[in-house]
Amino acid sequence: MENSHSPIEQLRATVRQLWDDLSPAERAVCHYLISTSPEQILFASAQELGGATGTSNATVVRTMQRLGFGGLPGLKRALAAEFTSSVAPDVRLKQRISHVGQDLSGIWERVFDEARERVDHCRRLFDQEAFKKAVELLVNAPGVLVFGAGASDPAARHLALKLGRRGHRARSTSATGFGLADELLALAHGDVLVIFQPGRRLKEITVLIDRAHAVGAGIVLISDELGGEFAERVDAVLAAPHTPTGITAEPLTGIIVGDALLLALDSLDENRSVEHSHQLNALREQLIGPRIR
């Protein structure tokens, strides 16, 4: 498929190419996808698409995989790239509100539907070798710097905080521009740099990676769209699909990937995790008194 085509044109070309190999149910999903507006797809859940096509959630997801998108979030991401570049943020917000409507039960379900789709998509993108490499780097690192700018800051702070509670020397930063230089000074040989950055190619990412190479620090990139671009320059890339609609929090999957890393570290160095958990609880009791059991 040529990059000059719009995402929806690329989708139609892929459907034409695969049509003879698709099942009747998959064809029903594809027919709906190529005949409806990108905005309708962008804000639809797998359940809604299944209902609209007379199929099922599983069929919708399987069809997305057959088309090469990995899942519904993959297709939404492709459509959202053009949508967000051509439609102003306030207009996108109005369209999102209009599509969701005022049904409170429906709003509740929609948020959980998108969260589930993103988490399921993240699970399917699991790379065992990359995950193993990331854990190996972190378990013996003398220090960890976690970077997350903007909406990725909560994921970065979450990982750094939990690493500290397990006895790892970790700190997070969301600094950009001039202020990031101070944070990079302390990065040392053998340390690990963890970068949370879903899609936008910030200049800071290149500077962070260059600095890590210069001092001999390991690099773990947790991203959606930047994995391929930086794969040759980092030690491990872990996929964390971002939200194509803005309905769920941007750092949702990044936090979950961080939790997986933390649990893996617990399993490899149980004594350190347990001992520092004991120390943390002892300090808390000194500060606020013992817990009532």
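Residues numbered from 1 in each chain as written. Predicted model: local features only at pLDDT ≥ 70, side-chain atom pairs only at ≥ 80, totals over all residues. Heavy atoms only, no water.

Enquirer: Just checking my understanding: could you explain the packing of aromatic side chains for this structure?
Expert: For any pair of aromatic rings, the description rests on two quantities: the centre-to-centre distance and the angle between the ring planes. Taken as a whole and judged by the stated rule, the model has two aromatic pairs. A ring pair is formed by Trp108 and Phe112, whose centres lie 4.9 Å apart and whose planes are at 35 degrees; its orientation type is tilted. With Trp108 and Phe112 both in helix α8 (residues 104–124) and four residues apart, this pair spans about one turn of that helix. (Phe/Tyr/Trp six-rings, centres within 6.5 Å; stacked < 30°, edge-to-face > 60°. Helix = DSSP H or I, 4+ residues; strand = E, 2+ residues; numbered from the N terminus.)

Enquirer: What am I meant to see in the side chain of Glu117 here?
Expert: In this fold, Glu117 is placed in helix α8. A relative accessible area of 12% places Glu117 in the buried class. Among the polar contacts listed, one links the side chain of Glu117 to the side chain of Lys76, at a separation of 3.5 Å. Setting aside chain neighbours within four positions, we find Glu117 in contact with Ser45, Ala46, Leu72, Pro73 and Lys76. (Buried < 20%, exposed > 50% of the residue type's maximum accessible area, 1.4 Å probe, protein only. Polar contact = N/O pair within 3.5 Å; in protein donor to acceptor, adjacent residues only side chain to side chain. Contact = heavy atoms within 4.5 Å.)

Enquirer: Explanation requested: the pairing of strand β2 (residues 170–173) in the structure shown.
Expert: Successive side chains on a regular strand alternate, one facing one side of the sheet and the next facing the other. Pairing between strand β1 (residues 144–148) and β2: four bridges, direction parallel. By the bridge assignment, Val146 is partnered in β2 with Ser172. (Pairing = 2+ DSSP bridges.)

Enquirer: Sorry, what's going on with the nonpolar core here?
Expert: Note on soluble globular proteins: their nonpolar side chains tend to be buried together. The biggest cluster of nonpolar side chains holds 29 residues, and the ones touching the most others in it are Val146, Val194, Phe196, Val220, Ile222, Leu238 and Leu261. Listing elements by their share of this core, those giving two or more residues are α9 (128–139), β1, α10 (153–165), β3 (192–196), β4 (218–223), β5 (236–239) and α14 (252–268). For this core, the element with the highest residue contribution is α9, accounting for seven residues. When sequence neighbours within four positions are dropped, the list of residues in contact with Leu238 reads Ala130, Phe131, Ala134, Val220, Leu221, Ile222, Ser223, Val257 and Leu261. Leu187, Ala212, Leu226 and Val234 belong to the second largest nonpolar core, which has 21 residues in total. (Core = buried A, V, L, I, M, F, W, Y, C linked by side-chain atoms within 4.5 Å.)

Enquirer: Looking at this structure, how should I read the packing of helix α1 (residues 7–18) against helix α2 (residues 24–35)?
Expert: A pair of packed helices can be characterised by two numbers: the angle between their axes and the separation between those axes. At a minimum axis distance of 10 Å, the contact between α1 and α2 shows a crossing angle of 150 degrees. Looking at the two axes, α1 sits roughly antiparallel to α2. Two packed elements cross with a definite hand, and for α1 against α2 that hand is left-handed. Where α1 abuts α2, its residues Ile8, Leu11, Arg12 and Val15 lie against Cys30, Leu33 and Ile34. When grouped by side-chain class, the residues that make up the contact of α1 with α2 number six nonpolar, no polar and one charged. (Axes fitted to C-alpha atoms, helices over the stretch in contact; angles between N-to-C directions. Parallel < 35°, antiparallel > 145°, perpendicular 65-115°, else oblique. Left-handed = near helix turned anticlockwise from the far one by under 90°. Nonpolar A, V, L, I, M, F, W, Y, C, P; charged D, E, K, R; others polar.)

Enquirer: Looking at this model, I keep getting lost on the sheet that holds β3. Mind explaining?
Expert: One open sheet holds the five strands; their spatial order is β2-β1-β3-β4-β5, and the pairing between them is parallel. Of all the strands in the sheet, just β2 and β5 have a single pairing partner and so form its edges. The mean angle between the axes of side-by-side strands here comes to 15 degrees, regardless of whether they run parallel or antiparallel. Packed on one face of the sheet, α10 meets β1, β2 and β3 and runs near 160 degrees to β1.

Enquirer: Hey, could you run me through the packing of α2 against helix α5 (residues 57–66) in this one?
Expert: At a minimum axis distance of 9 Å, the contact between α2 and α5 shows a crossing angle of 75 degrees. The orientation of α2 relative to α5 falls into the category roughly perpendicular. Side by side, α2 and α5 meet where Ala25, Glu26, Val29, Cys30 and Leu33 of the first sit next to Thr59, Val60, Arg62, Thr63, Met64 and Arg66 of the second. Split into classes, the residues belonging to the contact of α2 with α5 amount to six nonpolar, two polar and three charged.

Enquirer: Explain the pairing of β1 to me, please; I cannot follow it from the model alone.
Expert: With five of five residues buried, β1 is to be regarded as a mostly interior element. Neither face of β1 is left uncovered, since the one carrying Val144, Val146 and Gly148 and the one carrying Leu145 and Phe147 both have all their residues buried. Traced from β1 through α10 to β2, the parallel crossover comes out right-handed. (Right-handed = clockwise from strand over helix to strand, strands pointing away.)

Enquirer: Could you clarify how one ought to interpret α5 in this entry?
Expert: Because each turn of an α-helix spans 3.6 residues, side chains separated by three or four positions in sequence point in the same direction. All of the buried residues in α5 are Thr59, Val60, Thr63 and Met64. Seen along its axis, α5 keeps its buried residues to an arc of 135 degrees; they face one direction. Following α5 by one or two positions, Gly68 adopts a phi angle in the positive range, close to 95 degrees. (Arc of directions from axis to C-beta.)

Enquirer: Looking at this structure, how should I read the pattern of salt bridges?
Expert: Scanning all chains against the criterion turns up eleven salt bridges. In this structure, the salt-bridge partner of Arg201 is Glu229, at a minimum N-O distance of 2.0 Å. Residue Arg201 is located in the loop between β3 and α12 (203–215), and its partner Glu229 is located in helix α13 (residues 227–230); the two are separated by 28 residues in the primary sequence. The partly exposed category is assigned to Glu229, whose relative accessible area is 42%. Across the pair Asp210 and Arg233 runs a salt bridge, and its minimum N-O distance is 2.5 Å. Note that Asp210 is positioned in helix α12 and Arg233 in the loop between α13 and β5, a separation of 23 residues in sequence. One continuous salt-bridge network, built from bridges that share partners, spans Glu26, Arg62 and Arg66. (Salt bridge = Lys/Arg side-chain N within 4 Å of Asp/Glu carboxyl O.)

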